[in-house]
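Listed here are the chains, written in short residue letters.
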Amino acid sequence: MARMKFLLDAERCIECNACVTACKNENEVPWGINRRRVVTINDGKPGERSISMACMHCTDAPCAAVCPVSCFYTTADAIVLHDKDLCIGCGYCFYACPFGAPQYPRVGNFGSRGKMDKCTYCAGGPQADNTEAEYIQYGANRIAEGKLPLCAEMCSTKALLAGDGEIIAQIYRERVQKRGYGSGAWGWRTAYRETVAI
Amino acid sequence: MLIKRSEARAGKQRLAAAYAGLSAGGLDRRAFLKQAGLTGVGLSALGAIPLTTVRPAAAGPTNFAQPITRIKNICTHCSVGCTVTAEVQNGVWVGQEPSWDSPINRGTHCAKGAAIRELVHGDRRLKYPMKKVNGQWQRIDWDTALNEIADKLMAIRQASGPDAVFWLGSAKQSNEGAYLMRKFAAFWGTNNVDHQARICHSTTVAGVANTWGYGAMTNSYNDIRTSKTMIIMGGNPAEAHPVSLQHLLSGKEMNRANMIVIDPRFTRTAAHATEYVRIRPGTDIPVIWGMLWHIFQNGWEDKDFIRQRVYGMDDVRTEVAKWNPQEVERVTGVPEAQLRKVAETFAKEKPATLIWCMGATQHSVGTANVRAFCTLLLATGNVGGNGNGANIFRGHCNVQGATDVGLDVVTLPHYYGLDANAWRHWSRVWEVSYESMMARFDSPQMAETPGIPSTRYFDAVLLPKDQVQQRDNLKGMVVFGHGGNTVTRMPEVARGLEKLDLLVVADPVPTTFAVLANRQDNTYLLPICTQLECTGSRTASNRSLQWGEQIVKPIFESKNDYEAMYRFAGALDRAAERRNMAFRLQAECFKTYEIGPEGPTSESILKEMNRGALSTGYSGQSPERLKLHMANQEHFDLVTLRGKEGTPVAGEFYGLPWPCWGTPEMKHPGTHILYNTNLHVKEGGGTFRARFGVERNGVSLLAEGSYSKGSELTDGYPEFTTAVLQRLGWYDQLTEAEKAQIARQGGTASWATDLSAGIIRVAMEHGCVPYGNAKARANAWNLPDPVPVHREPIYTPRTDLIAQYPTLPDRRAFRLPHLGQSLQNRMPQVAPNFPIILSSGRLVEYEGGGEETRSNKWLAELQQDMFVEINPRDAAARNIRDGAWVLVQGPEMPRDKQVRVKALVTERVGPGVAWMPFHFAGWFMQEDQRSRYPQGSDPYVLGESVNTVTTYGYDPVTFMQETKVTLCQIRAA
Amino acid sequence: MKIRILALLAALFIGAAGLPALAQGTAQQAPSLADEMAIQALLRGETVHGRITIPDQRAANLIQPQGREWREFHNVTLAWVGGIAVLGMLAILVVFRLAKGRIPIEGGPSGRTIQRFNGFERANHWMVASCFIILALSGLNLTFGRHVLLPVVGPEAFTAVSQWGKYAHNFLAFPFTLGLVLMLLVWIKDNIPNGTDIRWVKAGGGLIGNAHPDSGRFNAGQKGIFWITVLGGAAVAVTGYMLVFPFFFTDIAGMQLSHMIHSIIAALMIAVMLAHIYIGTVGMEGAIDAMSTGQVDLNWAKQHHNLWVEQELAKGRTATPPPAARPAGAD
């Protein structure tokens, strides 16, 4: 089975936010929930870089480790998903997540969190594949259709790569060799305990 | 391992399962529209947007049990021309897929393209025609609306003449729609018809066309992959044309290309540059001349190229000699060493291309800027080959096309101009008599007089009648697809709009026009669908035409441009009849078209245009050929854009980039790279256009020893006419049918007016380019500054430079007065109170005036506040914190008014410079105008417009507005 | 941690080392400054922070390595500390009981009672106590439930319990805090530590030697409970409100810290309260009366709170009774 990962080539990312709206479009993500976002560091200075970030679907995912109700599960493709019917909106996964991926709809009074929502790697949720029930709770299931997450597929400069970790690392490696400099494979060390060796 | 609940925990009944029952069986179009409409009315404020993960079924998942149709159209946002692939079920657009086959976007999109499906969900769309009654919006039906509008227009026509109505078209219309709009205005009898190119690249078109023939991007986005050096000057394609960066960054990586950004602002593009040069806003010409100073000084220029293909370079040398490094640094702030390095790189590491956008064009010296850019390219021999050229990134999705089809105050379609020959040509194409066309105007003289540009229409409303050189002031205005906040001096705009007798806005959204002025009556809104809901071709920046198929039927009560104009024309005819006027529009203007259930068909409009558009080579792109290209997108090469061997599109360039000479049957492949002498003209080769005669003051204007591959004439030659053919002895190679057509036209014709296209055919048979083979002009003697000279912006903070580099004197043009020096001379009194330079530009999430994109919830969420970028130094001096509210005031605003925006404290802008995005509207000098929108169609995000602050200043050639350099003061709110 | 730093350094080195070998083009570019700065920040264990256009400023944190520490705390430290504290205290109590048995009233009940807590005091005590028990159980559930309860009841039932537990935890925080404030106001005057307490502690509260040490209304042990309740409760309440209003007062680091303080103090308080509950109920004859009826046996009172009894009796003697009332003990 493939080991699905995201890889962001910061050398290419121009903060166009296509990944963000593609995600909204594909999964009908409501206002205020940002499954993916683009952060610009060193804004306005030479060496400015933008990085698109979402759930990285970590190896030994911290969210799953700290979840008090064990609502996370990992698919055969190593995609980290969760069951919203089990989630109690405690917020622990947000404390543990290195990437700020978990999102919570605000429900009721005083900041009470609803059930957590996050990037599903366009792989839906625990229901049967590509059913309306799955779509409404989790969004699209492109993986079941044999497609990759739309954010990466639509990335304007092909900075965001998604797919089997080996393959996207190879694409990135070739790119780095071609141009002579890397951009750090953002978040890989944290998420996958490895980096792309050039 | 647990993966699917269905496997491990089947039978569990949950909330989600209950939702599934609600809309089982998928959604049909009617249910969808009903739900969309309901939610639209319900959500009037941001706070009301549901924040739960439970989504309304309106958007709908793809129902895999039902058939899915995939339909291709083109993104309606920018000029890159990304293909959009829609998945449609039951007439509802349920999903969007990457368009892998398009050689332009290769599956990708920017934020706008990736969110485009929302446009036809239409929560905030204008849903039905509306009119204002005592300041309140009322719903009416189409026929009532059109009849009332027509009556009012005919009244204006009777009282004030046809020139009293201003027709504002759109760069978001298809080629067919824009062309029809231009034709409509001609049949109404006025040249007061314009569109966004005025404020986008009008100066580019004027400057570039005056240099070498056509005012368009010479190469393509894809071709930049082969560049070794690219200078991006006055452009931020990372935000304005994000998908183009795919090609730029690939080139940068594959060729280790130099990517140099010259800009006052450290943009998102600059962040990826190999070299960033910060300049003072408004000093582009000194920077270019400063580069040329080094180039000439060191002999880095391309001497052969200049000798063979450039006229007047010595005049440039004289001007450039004044710009020694010390003077350049004094005026622009760029240090000598850096500029020398950039100049050397550009001249030596070839191919080198110069990319520009509105940072170069939107100036009171816009045309001169662009001319200087072209001169740099000519001096270094960087035009007409792979990887070089003037890569002018146009703005809107069809601004290139709308410009080409002549939606403009100075020309009929396809740059024929406004003279009698032009009118005769188009009268022939339109199958009406020249005399009948002239009769529609106040006088034949008015038919040949350029109209009032879109940057100044409100002046033509407000100025005393004797200041406006036409029968009367503007009294009525019809706007198709245009934002009201896109022109400078908005306080004046608001006054102008208020004074109009009639305002008609035809658009998918209400636009700023609907709310800016406090109008009580005589204001109409007509819902027009987006291009995604109709068919037609649009021209990308690289001159490729792409055919869009209708994805869904127009939603709610909206209609497409063709049908709206057709019915509008009918209503005008009925109104004329009621008044016993002889004027008729529908019967004449639309008689050449096939009328379908949704109005005239786009195919029949394009075919008529093909017949007439010989001058730009829009003649070979028949709808059939364009559709073939869309169906075979995967067969085009990524870099050369050429169709691969053995495919139905073999040898053709993608989208048949104009010029695509002759008739469709001639199968010209289109021209990927303009003026490329390395290719045969039949293969897309070309030369500089012989547009300005053959000699001047005894110096030949024709090329010397340079010609396109395979040309039988191995030196320069003039444009082809029947006379030239006769002199060459080629006349008899015309067929009898072609000769007969020429005879019907009066016996003589040029390549551009010969409706048989025979002259073009014969010229090409001999390897010759129909428009001739001339030199490009480094000296364009017909312009105010034949060789560009630096002129300080009118609102300059450098009052010490005004005496040496003054702007042009006051003058008149385009039927209006035009202030220059008299205003600039006041700066010593103005500048001390407004010490910060204000510039404006684009955000990736929004487009143009932003009304449509701010109504797109997926985009609006990403930019919720209008802001001003201010340097930390200036912010600290004013006690302004990042994210805090500030007040910005411009020198032409009322004394007691400011705009209220958020501060973004950043080093993107240098000290003394501020920058604001231009997409916001709906707040006007701290007045929230949300309540003025028809209920349920207010954009999610409103904000102050930068153009409330921007000031006077127009390019002398095109009346392009100055949006990039003005002055302001900022203080903490 | 060391290994992590080495690996990051290696990544940095590889990034830089790649350059000279490939530096043949004209447009070379070092790994960007931003990348380097970000890696440096990661090395120092700092958050990588940037600019973002959406209003949610939490999203501007690109990477927060502190999540790892928090995970370590939550899954390891808290589990051990909480587990040892709670189970350890239970063990101590069992051992104590087995060793010492139930603490009897010396000389048996006298049959005469004295008012120890009035109705208001008792009501408030029980409000706080019941809130505390639910807060404690729902809190423990978040830490240990997935290991203890989940396998027994299954995921759906466990989620239902935990969800209600979360609601209860959030809402009961308010009466709990109110009760604490009232406790403080009502009982603080009797809980000021004094010399008696030193002697009481030296005597081990009577467990060392045979003579029962002197004690006022509250002995040093009870004062300890009081102050643990009030101060610990305050800490738990403050940090708890930070957690109930996520990101309203603080950022992610503050949230993590709040959670750490909240959970550790809560776990320790639970352990202490177990002892309090034991001694107040089955561990000591006659103690439960104080909080049930409010009337304690005089002998019990003399045994445990001799100074207070004297004080109360003195008050009874000097007080002027209402005209119609008979003097206490006249019958």
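About the criteria used
Residues numbered from 1 in each chain as written. Chains lettered and ligands numbered in written order. Predicted model: local features only at pLDDT ≥ 70, side-chain atom pairs only at ≥ 80, totals over all residues. Heavy atoms only, no water. UniProt positions renumbered as here; feature names shortened; annotations may be inferred. pLDDT = per-residue confidence, 0-100. Contact = heavy atoms within 4.5 Å. Buried area = accessible area lost by both parts, 1.4 Å probe. Salt bridge = Lys/Arg side-chain N within 4 Å of Asp/Glu carboxyl O. Polar contact = N/O pair within 3.5 Å; in protein donor to acceptor, adjacent residues only side chain to side chain. Helix = DSSP H or I, 4+ residues; strand = E, 2+ residues; numbered from the N terminus. Buried < 20%, exposed > 50% of the residue type's maximum accessible area, 1.4 Å probe, protein only. Pairing = 2+ DSSP bridges. Axes fitted to C-alpha atoms, helices over the stretch in contact; angles between N-to-C directions. Left-handed = near helix turned anticlockwise from the far one by under 90°. Nonpolar A, V, L, I, M, F, W, Y, C, P; charged D, E, K, R; others polar. 1 Å grid on protein atoms, 1.4 Å probe; cavity = no way out; pocket = protein on both sides within 12 Å on 5 of 7 lines; lining within 4 Å. Points joined across faces, edges and corners; volume = space filled by probe spheres on them. Domains from an automatic or database assignment. Patch = residues over 30% accessible without salt bridge, like charges linked within 9 Å, V, L, I, M, F, W, Y side chains within 5 Å. Areas by Shrake-Rupley, 256 points an atom, 1.4 Å probe, with all protein chains shown as cover. Phe/Tyr/Trp six-rings, centres within 6.5 Å; stacked < 30°, edge-to-face > 60°. Lys NZ or Arg CZ within 6 Å of the ring centre and 35° of its normal.

- You'll find chain C entered in an unreviewed UniProt entry as Formate dehydrogenase subunit gamma, with Neoroseomonas soli given as the organism.
- Here chain C is described in UniProt, under the heading Sequence similarities (unreviewed entry), as follows: "Belongs to the formate dehydrogenase gamma subunit family."
- Recorded under Subcellular location (unreviewed entry), the UniProt text for chain C is reproduced unchanged: "Cell membrane".

- The name an unreviewed UniProt entry gives chain B is Formate dehydrogenase subunit alpha, with Neoroseomonas soli as the organism.
- Its UniProt record gives chain B the following Sequence similarities (unreviewed entry) comment, quoted word for word: "Belongs to the prokaryotic molybdopterin-containing oxidoreductase family."
- Listed under Subcellular location (unreviewed entry) in UniProt, the entry text for chain B is "Cell envelope".

## Focus: the confidence of the model for chain C
All names here are of chain C.
Here's step 1: Taken residue by residue, chain C gives an average pLDDT of 81. The fraction at 70 or more is 80%.
Here's step 2: This stretch, residues 1–31, has a pLDDT under 50; its non-local contacts, to residues over four places away or in other chains, come to 46 contacts.
Here's step 3: Counting interchain partners and residues more than four positions distant, the pLDDT-below-50 stretch residues 319–331 has zero contacts.
Here's step 4: Reported confidence for the predicted complex is 0.95 by ipTM and 0.90 by pTM.

## Some words on the confidence of the model for chain B
All names here are of chain B.
Here's step 1: Mean pLDDT over chain B: 91, with 93% of residues reaching 70 or higher.
Here's step 2: In the model, residues 5–27 has pLDDT below 50 throughout and makes 40 contacts with residues more than four positions away in sequence or in other chains.
Here's step 3: Here residues 36–59 is a poorly scored stretch, pLDDT under 50, and it has 53 contacts once near neighbours within four places are set aside; other chains count.

## Focus on the interface of chain B and chain A
Here's step 1: Contacts between the two partners involve 70 residues from chain B and, on the opposite side, 74 residues from chain A.
Here's step 2: Here chain B meets chain A over a buried area of about 5,900 Å², counting both sides, of which 53% is carbon and sulfur.
Here's step 3: Taken together, chain B and chain A are joined by eleven salt bridges.
Here's step 4: In this structure, E97(B) and K147(A) form a salt bridge, with 3.2 Å as the shortest nitrogen-oxygen distance.
Here's step 5: Run the count over chain B and chain A and you get 28 residue pairs in polar contact (both at pLDDT 80 or more).
Here's step 6: Mapped by element, the contributors of at least two residues to the side of chain B that touches chain A are α1 (5–8), α2 (15–22), β3 (92–97), α4 (111–114), α9 (242–254) and α33 (857–860) of chain B.
Here's step 7: Ranked by the residues each element gives to the side of chain B that touches chain A, the list is headed by α9(B), at nine residues.

## Notes on the pairing of strand β13 (residues 389–392) of chain B
Residues and elements named next belong to chain B.
Here's step 1: Burial of the side chains of β13 extends over both faces: G389 and N391 are buried on one face and A390 and I392 on the other.
Here's step 2: Taken together, the four bridges between strand β12 (residues 352–356) and β13 define a ladder with parallel strand orientation. From the neighbouring strand, W356 faces β13, where its bridge partner is I392.

## Observations concerning the packing of helix α4 (residues 119–148) of chain C against helix α6 (residues 155–187) of chain C
Residue and element names in this part refer to chain C.
Here's step 1: Following both chains from N to C, one finds α4 and α6 inclined at 145 degrees, their axes separated by 7 Å at the closest point. In the packing of α4 onto α6, the handedness of the crossing is left-handed.
Here's step 2: Classifying every residue of the contact of α4 with α6 by side-chain character gives 19 nonpolar, ten polar and two charged.

## Remarks on the environment of A111(B)
Here's step 1: Structurally, the position occupied by A111(B) is in helix α4.
Here's step 2: Remark: the alpha-carbon pair of A111(B) and F924(B), spanning 813 residues in sequence, is separated by 27 Å.
Here's step 3: Excluding residues within four positions of it along the chain, A111(B) makes contact with C16(A), N17(A), A18(A), T21(A) and L859(B).

## Details of empty space enclosed by the protein
One water molecule sets the probe size; rolling that probe over the atoms shows where empty space is left.
Here's step 1: If you walk through the whole model with that rule in mind, you get 18 cavities of 30 Å³ or more.
Here's step 2: Estimated volume of the largest cavity: approximately 750 Å³.
Here's step 3: The wall of the largest cavity is formed by 41 residues, among which G139(C), L142(C), H169(C), L243(C) and H262(C) lie closest to the centre.
Here's step 4: Taken together, the elements giving at least two residues each to the lining of the largest cavity come down to α3 (92–96) of chain A together with α3 (66–100), α4, α6, α8 (220–244) and α9 (252–280) of chain C.
Here's step 5: Sort the elements by how many residues they give to the lining of the largest cavity and α4(C) lands first, with ten residues.
Here's step 6: The residue inventory of the lining of the largest cavity, partitioned by class, reads 22 nonpolar, 17 polar and two charged.

## A short note on the pattern of salt bridges
Here's step 1: Tallying each qualifying case throughout the model produces 78 salt bridges over all chains.
Here's step 2: We note a salt bridge from K84(A) to D117(A), for which the minimum N-O separation is 2.5 Å. Of this pair, K84(A) sits in the loop between β5 (80–82) and α3 while D117(A) sits in the loop between α3 and α4 (132–138), and the two are 33 residues apart along the sequence. Across the pair, D117(A) and K84(A) agree in class, each one buried.
Here's step 3: Between D408(B) and R198(B) there is a salt bridge; the shortest N-O distance is 3.0 Å. Linking D408(B) in the loop between α17 (399–404) and α18 (420–430) with R198(B) in the loop between β7 (193–194) and α7 (202–212), this pair joins segments that are 210 residues apart in sequence.

## Things to note about the sheet that holds strand β27 (residues 867–870) of chain B
Here's step 1: Read around the closed barrel, the six strands follow the order β26-β30-β27-β29-β28-β34 (chain B); overall the barrel is mixed. Pairs of neighbouring strands in the sheet enclose a mean axial angle of 45 degrees, with direction left out of account.

## What about the domain arrangement of chain B?
All names here are of chain B.
Here's step 1: According to the domain assignment, chain B consists of domain 1 (15–101), domain 2 (130–198 + 399–605), domain 3 (202–392) and domain 4 (799–972).
Here's step 2: Placing the centre of domain 2 and that of domain 3 at their C-alpha centroids yields a distance of 37 Å.
Here's step 3: With eight residues of domain 2 at the contact, the number on the domain 3 side is ten residues.
Here's step 4: Of the roughly 690 Å² buried where domain 2 meets domain 3, counting both sides, 50% is carbon and sulfur surface.
Here's step 5: Our count for the domain 2 to domain 3 interface comes out at zero salt bridges.
Here's step 6: Residues belonging to the side of domain 2 that touches domain 3 are distributed by class as follows: two nonpolar, four polar and two charged.

## Description of the environment of Q163(C)
Here's step 1: As for its position among the elements, Q163(C) is in helix α6.
Here's step 2: With 25 residues separating them in the primary sequence, Q163(C) and S138(C) have C-alpha atoms 9.4 Å apart.
Here's step 3: Beyond its immediate sequence surroundings of up to four residues, Q163(C) is in contact with C87(A), I88(A) and K115(A).
Here's step 4: A distance of 3.5 Å separates a polar atom in the side chain of Q163(C) from the backbone oxygen of I88(A).

## A word on a nonpolar patch on the surface
All names here are of chain C.
Here's step 1: Taken together, V76, W80 and I84 make up a surface patch of nonpolar side chains, about 330 Å² in accessible area.
Here's step 2: Within the secondary structure, V76 sits in helix α3.
Here's step 3: Residue V76 is classed as partly exposed on the basis of its relative accessible area, which comes to 34%.

## Digging into the packing of aromatic side chains
Here's step 1: Scanning the model with the defined rule gives 57 aromatic pairs over all chains in all.
Here's step 2: Measuring from ring centre to ring centre gives 6.2 Å for F245(C) and F249(C), while their planes differ by 85 degrees; the resulting arrangement is edge-to-face.
Here's step 3: Overall, the relative accessible area of 23% leaves F245(C) in the partly exposed class.
Here's step 4: Site record: aromatic cluster; members linked through ring pairs are Y214(B), Y618(B), W658(B), W661(B), W751(B) and Y771(B).
Here's step 5: Over the ring of F296(B) we find R317(B), and its NZ or CZ is 4.3 Å from the ring centre.
Here's step 6: One residue, R777(B), lies across the ring of F692(B), its end atom 3.5 Å from the ring centre.

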